[in-house]
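Chain by chain, the residues run as shown.
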Amino acid sequence: MINRNIQPTTQQVEHIAFVKPQIFDVTPAVKLLWMKEVPNDTVRLDLFFDAGITRGEQSLPAIVHSLLFSGTEAFSSVEIHDQIDSLGGFLDTDISFENAVVSIYCLKENLLAIAHIVADAINNCIFRENEVVDTLRSLEQRYKVNQQKVSNVAQQQFRKLLFASSESYSRLAALEDFQSPNNFGYRSFWKENYLNGLTRITLVGNCGLDTVDELIDLFGKWAKDEPAKYEGDFAMTPQKIHFPKEDAVQTAIRMGKFLFPKNHPDYLEFQVLSTILGDYFGSRLMTNIREDKGYTYGIGTGNMELQRNGYFVIVTEVGKEVTEATLTEIKFELARLQTELVGEEELSLVKNYMLGQLLKSADGPYAMLDMFNSVDMYGLDLTFYDQAIEKIKHVDAKRIHELAIKYLNWDDFLIVTAG
Amino acid sequence: MIQFNRFKLANGLTVLHHLDETTPMVVVNTLYDVGARDESEEKTGFAHLFEHLMFGGSVNIPDFDAPLQHAGGESNAFTSNDITNYYNVLPVQNIETALWLESDRMLSLAFTPKSLEVQRNVVIEEFKQRYLNQPYGDVWLELRPLAYKVHPYKWATIGKKIEHIEEATMDDVKAFFNAHYHPANAILCIAGNISFDETKRLVEKWYGTIPTSIKPERMLPKEPAQNEFRIQTLERNVPNNAFYYAFKMPERKSFEYYVTDIISDALGREKSSRLYGKLQKELQLVASISAYISGSLDEGLLMIEGKLNDGVSFEALDEALWNVLAELINHPMEQAETEKLLIKIRTVKAFQEQGLLNRAMNLCNYELLGDANGVNEENELYQSITAEHIQTVAKELLRKENCSLLRVKAITND
């Protein structure tokens, strides 16, 4: 008879085989990373540009990003998309604080043909008037919808207050940005941040070396001359502010504070603390606020990485009548980490969980490339993950306690609520 | 090609095994053949609420998540109108923890009153977060009862209304478990670097003693053929007028299902699609438009949805939209367009085969349809679709009497 009351024996993850991609210099400042070992014919190509939302005023980064495939002298936007679709390709675009990314997903036999279409579309974009009007209308609608979501309002206002000392990082989109075209602005942003703004290329796919060479030839001309420069010194005033929304049935909470960039000596051990507090299903915040009180569908913590800094954030949406009760519980959980040592059972659970997740994030060529990229972009290498394994295994309750005292003071937080 | 083995335990549990020697992880995926369509109309939202309770402790194990996390793993689940699916991803050396946990909650739940009370609240917050506190969030709550008059697809998985969740009792929970949560009503897939023999040994060990029950016979009322155009208009405090055209489409097992999928791609999947090109780019009537299928097992819906530009009337959109649909009905599709749609399917299939969890879920989904190997035959089915198929199915589906239209009219409260 099996004993169902006892967990079968488990083994902690001991070793993870991290794989380094091949690295090519497109120029001295721009690299191409290539992960070749893919078991089937799929390919992903990512182009990174120094064109994130902090890089321009009046929503120029977001608008230009949306207009990259809006048409050339020779082809309309529909024709460009038709060409890519006819080769079975998918385009994906993404924009964040410090980067804009254009991604191609396709089968390897079609990669070069699609890459040429993408290169031509971006290179020869003419910002046709009808396309600009249509794109602005779509962005305006999306903006208006987002303004009705408490999660978005809280997120935006949190960002504005957190980065209050930096004009470019605190700037929010405004309705007017989408209400009249600014062709001069679009063209100059496009020239500066795309045609001279490529910061890296990543490729996952079992293609040949000649393909890599051709991609370097094709996109290398957009390489940014100098490494991009980023702000890193921000000052924030701890405060608590509410943004009312009449008919909301939930309140969104965003609270956070600056911590440090990824290369800081406390970064890895803080991840363990952050996981205990709110970064997995069994975390203290989830256990208390969702699984014990039922105040929310979800609550979590995140460590947001910037090139030269980083911030810690707690995110949730709760029933509006329990907003204050939720904040009280968050305060209680922060204080508990500062006053009591984490028990051995909980700490070992979190360690095992984190090692298992690290193993998972290195599983397969796509995941491994992303993993490498997310350290290489910050000037780190794969030893970061070897260190991560060591730190996770060896951090003790006393050290967690120290970090909580150092970094999780309630009075240091910016708290934004909307609802 | 996804290779797999299949066996069945004496208690009726169907088990699929997929070997992947390249991954250090293992997936334990369990599909229960129960969804919101199996609820009674007076107690909707139950399949989904129940999914939450499955994490609230089982008969011998007080907490589901902690032991799994201790084993380096992670778990989640989702409920649809058709199925409830639970998955665990963990380092392969610790697979027994997942089998121990999953088999124990198949055996029986702890049924603690606290768990029910808390999860009722959590689900109510989920209801608010996803459906009530979002602009256009309640559209599906209104559209389903417009499109379906009899079939239980007329309510959403979250439930018809919050009251149904508030009123759920422990007796309801127990009855639901007894009817639907047992080996004969489940498909288990183990995927990872683990041999077939070892899989058999471990599954037999943990699941072999779970008592058998009879698989419930599903007797859902069949939705009568729709013979009328239905239209409903909601007034909401939203920024723009929005439209949702829902056409009844064939069930999952039919060949026409695949043809309809291709039709939805032709109409509005990408920026080279017909509706996007004509209504957004050329006529500038809409700020966004897309088409897709609901993907349900019984008769589903082919959807066309979007938002109007300011100053454009619903009527102007309506006329232009039906013209685009008439094109598809009246003229056979050119070969270049069919080829474009089919090569995109090929790309998608290749990417779907990349993820271990994806493979495990897909094998279970196809086994539910009758044969897990369907996952390997699907691309060929798509590739066999011709312009003639497309025209025939378009003619059958894209009729006004087969359509339910929900309009959301923007009004301002402030």
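Residues numbered from 1 in each chain as written. Chains lettered and ligands numbered in written order. Predicted model: local features only at pLDDT ≥ 70, side-chain atom pairs only at ≥ 80, totals over all residues. Heavy atoms only, no water.

Details of the overall build of chain A
Part 1 of the reasoning: Regarding its fold elements, chain A presents 15 helices and eleven strands.
Part 2 of the reasoning: Computed over the C-alpha atoms, the radius of gyration of chain A is 24 Å, within 12% of the 22 Å expected from 2.2 N^0.38 for a compact globule of 419 residues.
Part 3 of the reasoning: C-alpha extents for chain A along the principal axes are approximately 65 × 55 × 45 Å.
Part 4 of the reasoning: The burial tally for chain A puts 58% of its 419 residues in the buried class.
Part 5 of the reasoning: Once local pairs closer than 6 in sequence are excluded, the contacts in chain A between residues at least 24 apart make up 82%.
Part 6 of the reasoning: A total accessible area of about 17000 Å² is found for chain A, and carbon and sulfur atoms account for 51% of it. (Helix = DSSP H or I, 4+ residues; strand = E, 2+ residues; numbered from the N terminus. Rg over C-alpha atoms; globule rule 2.2 N^0.38 Å. Buried < 20%, exposed > 50% of the residue type's maximum accessible area, 1.4 Å probe, protein only. Contact = heavy atoms within 4.5 Å. Areas by Shrake-Rupley, 256 points an atom, 1.4 Å probe, with all protein chains shown as cover.)

Observations regarding the overall build of chain B
Part 1 of the reasoning: Summing up its helical and strand segments, chain B has 15 helices and eleven strands in all.
Part 2 of the reasoning: For a compact globule of 414 residues, the expected C-alpha radius of gyration is about 22 Å, and chain B comes in at 23 Å, within 12% of that figure.
Part 3 of the reasoning: Projecting the C-alpha coordinates of chain B onto the three principal axes gives extents of approximately 65 × 50 × 35 Å.
Part 4 of the reasoning: Buried positions account for 61% of the 414 residues belonging to chain B.
Part 5 of the reasoning: Considering only contacts in chain B between residues 6 or more positions apart, those separated by 24 or more positions represent 81%.
Part 6 of the reasoning: Summing over all exposed atoms, chain B offers an accessible surface of approximately 15700 Å²; the carbon and sulfur share of this is 48%.
Part 7 of the reasoning: Taking the 42 positively charged and 59 negatively charged side chains of chain B as two groups, their mean positions are separated by 2 Å. (Lys, Arg positive; Asp, Glu negative; His and termini not counted. Charge placed at Lys NZ, Arg CZ, Asp CG, Glu CD.)

Points about the sheet that holds strand 11 (residues 414-418) of chain A
All names here are of chain A.
Part 1 of the reasoning: Strand order in the open sheet formed by five strands is 7-11-8-10-9, with mixed pairing between adjacent strands. Two strands lie at the open edges of the sheet, namely strand 7 (240-243) and strand 9 (296-305), each paired on one side alone. Each strand of the sheet is rotated relative to its neighbour by a mean of 15 degrees, with strand direction disregarded.
Part 2 of the reasoning: Across four bridges, strand 7 lies against strand 11 in parallel orientation. Of the residues in strand 11, the one forming a bridge with histidine 242 is threonine 417.
Part 3 of the reasoning: Helix 10 (residues 284-292) rests against strand 9 and strand 10 (310-319) of the sheet, and its axis sits at about 155 degrees to strand 9. (Pairing = 2+ DSSP bridges. Axes fitted to C-alpha atoms, helices over the stretch in contact; angles between N-to-C directions.)

Quick word on the sheet that holds strand 3 (residues 25-32) of chain B
Across a sheet, paired strands are connected by hydrogen bonds in the backbone, their directions being either parallel or antiparallel.
Residues and elements named next belong to chain B.
Part 1 of the reasoning: The sheet built from six strands is open, its strands ordered 1-2-6-3-5-4 with mixed pairing. Every interior strand has two partners, whereas the edge strands, strand 1 (5-8) and strand 4 (74-79), have only one. Pairwise comparison of adjacent strand axes, ignoring direction, gives a mean angle of 15 degrees for this sheet.
Part 2 of the reasoning: As defined by bridge partners, strand 2 (residues 14-19) adjoins strand 6 (residues 186-192) across six bridges and the pair is classed as parallel. Paired with valine 15 across the two strands is leucine 188, which belongs to strand 6.
Part 3 of the reasoning: Contacts from helix 8 (residues 196-207) reach strand 1, strand 2 and strand 6 within the one sheet, and its direction differs from that of strand 1 by about 25 degrees.

A closer look at the interface of chain B and chain A
Part 1 of the reasoning: Taken together, the contact between chain B and chain A spans 74 residues of the former and 72 residues of the latter.
Part 2 of the reasoning: Between chain B and chain A the total buried area reaches about 6200 Å² when both faces are included, carbon and sulfur atoms providing 52% of it.
Part 3 of the reasoning: If you sort the residues of chain B by the area they bury against chain A, B:Gln69, B:His70 and B:Asn133 come out on top, with a joint share of 10%.
Part 4 of the reasoning: For the pair chain B and chain A, the number of links is nine salt bridges.
Part 5 of the reasoning: Taking the shortest distance from any N to any O, the salt bridge between B:Lys281 and A:Asp134 comes out at 2.7 Å.
Part 6 of the reasoning: For the pair chain B and chain A, the number of links is 37 residue pairs in polar contact (both at pLDDT 80 or more).
Part 7 of the reasoning: Take the side of chain B that touches chain A: its biggest share by element is eleven residues, from helix 4 (residues 113-132) of chain B.
Part 8 of the reasoning: Here the side of chain B that touches chain A is composed, by residue class, of 27 nonpolar, 27 polar and 20 charged. (Buried area = accessible area lost by both parts, 1.4 Å probe. Salt bridge = Lys/Arg side-chain N within 4 Å of Asp/Glu carboxyl O. Polar contact = N/O pair within 3.5 Å; in protein donor to acceptor, adjacent residues only side chain to side chain. Nonpolar A, V, L, I, M, F, W, Y, C, P; charged D, E, K, R; others polar.)

A short note on the environment of B:Ala77
All names here are of chain B.
Part 1 of the reasoning: Following the sequence through the fold, alanine 77 ends up in strand 4.
Part 2 of the reasoning: Take alanine 77: its relative accessible area is 12%, and that puts it in the buried class.
Part 3 of the reasoning: Here alanine 77 is in contact with Glu51, Phe55, Asn85, Tyr86 and Tyr87, once residues within four sequence places are set aside.

Some points on the pairing of strand 1 of chain B
Residues and elements named next belong to chain B.
Part 1 of the reasoning: Alignment of strand 1 against strand 2, held across four bridges, turns out to be antiparallel. From the neighbouring strand, arginine 6 faces strand 2, where its bridge partner is leucine 16.
Part 2 of the reasoning: In textbook terms, the turn of a hairpin is the stretch between consecutive antiparallel strands, and for strand 1 and strand 2 this stretch comprises five residues, one of which, glycine 12, has a positive phi near 100 degrees.

Topic: the packing of helix 3 (residues 95-107) of chain B against helix 8 of chain B
Residues and elements named next belong to chain B.
Part 1 of the reasoning: It is the contact of helix 3 with helix 8, at a shortest axis distance of 9 Å, that shows an interaxial angle of 35 degrees. Of the two elements, helix 3 crosses helix 8, and the hand of that crossing is right-handed. Residues Ile95, Glu96, Leu99, Trp100, Glu102, Ser103 and Met106 of helix 3 touch helix 8, and the partners they reach there are Leu202, Lys205, Trp206 and Tyr207.
Part 2 of the reasoning: The residue inventory of the contact of helix 3 with helix 8, partitioned by class, reads seven nonpolar, one polar and three charged. (Left-handed = near helix turned anticlockwise from the far one by under 90°.)

Description of unusual backbone geometry
Part 1 of the reasoning: Backbone geometry places A:Ser59, a non-glycine residue, at a positive phi of 60 degrees.
Part 2 of the reasoning: According to the relative accessible area criterion, A:Ser59 is buried, its value standing at 12%.
Part 3 of the reasoning: Non-glycine residue B:Phe111 carries a positive phi angle of around 50 degrees.
Part 4 of the reasoning: Position of B:Phe111 relative to the elements: it lies in the loop between helix 3 and helix 4.

Some words on the pattern of salt bridges
Residue and element names in this part refer to chain B.
Part 1 of the reasoning: All told, the structure shown has 64 salt bridges over all chains when counted by the stated rule.
Part 2 of the reasoning: Here glutamate 270 and lysine 344 are joined by a salt bridge, their closest N and O atoms 3.4 Å apart. Placement of glutamate 270 in the loop between helix 9 (255-268) and helix 10 (274-282) and of lysine 344 in helix 12 (residues 335-352) is noted, with a sequence separation of 74 residues between them.
Part 3 of the reasoning: Note on lysine 344: relative accessible area 7%, which makes it buried.

What to know about the packing of helix 9 (residues 267-278) of chain A against helix 12 (residues 344-361) of chain A
Residues and elements named next belong to chain A.
Part 1 of the reasoning: Helix 12 packs onto helix 9 with a crossing angle of 110 degrees between their chain directions and a minimal axis gap of 10 Å. Regarding the angle of helix 9 to helix 12, the classification is roughly perpendicular. Together, Gln271, Val272, Thr275 and Ile276 of helix 9 and Glu346, Leu347, Val350, Tyr353 and Met354 of helix 12 make up the contact between the two elements.
Part 2 of the reasoning: Across the contact of helix 9 with helix 12, the residue classes tally to six nonpolar, two polar and one charged. (Parallel < 35°, antiparallel > 145°, perpendicular 65-115°, else oblique.)

Some details on the confidence of the model for chain B
Part 1 of the reasoning: Summarising the model, chain B shows a mean pLDDT of 95, and 100% of its residues fall at 70 or more.
Part 2 of the reasoning: Interface predicted TM-score (ipTM) for the complex: 0.92; the corresponding pTM is 0.94. (pLDDT = per-residue confidence, 0-100.)

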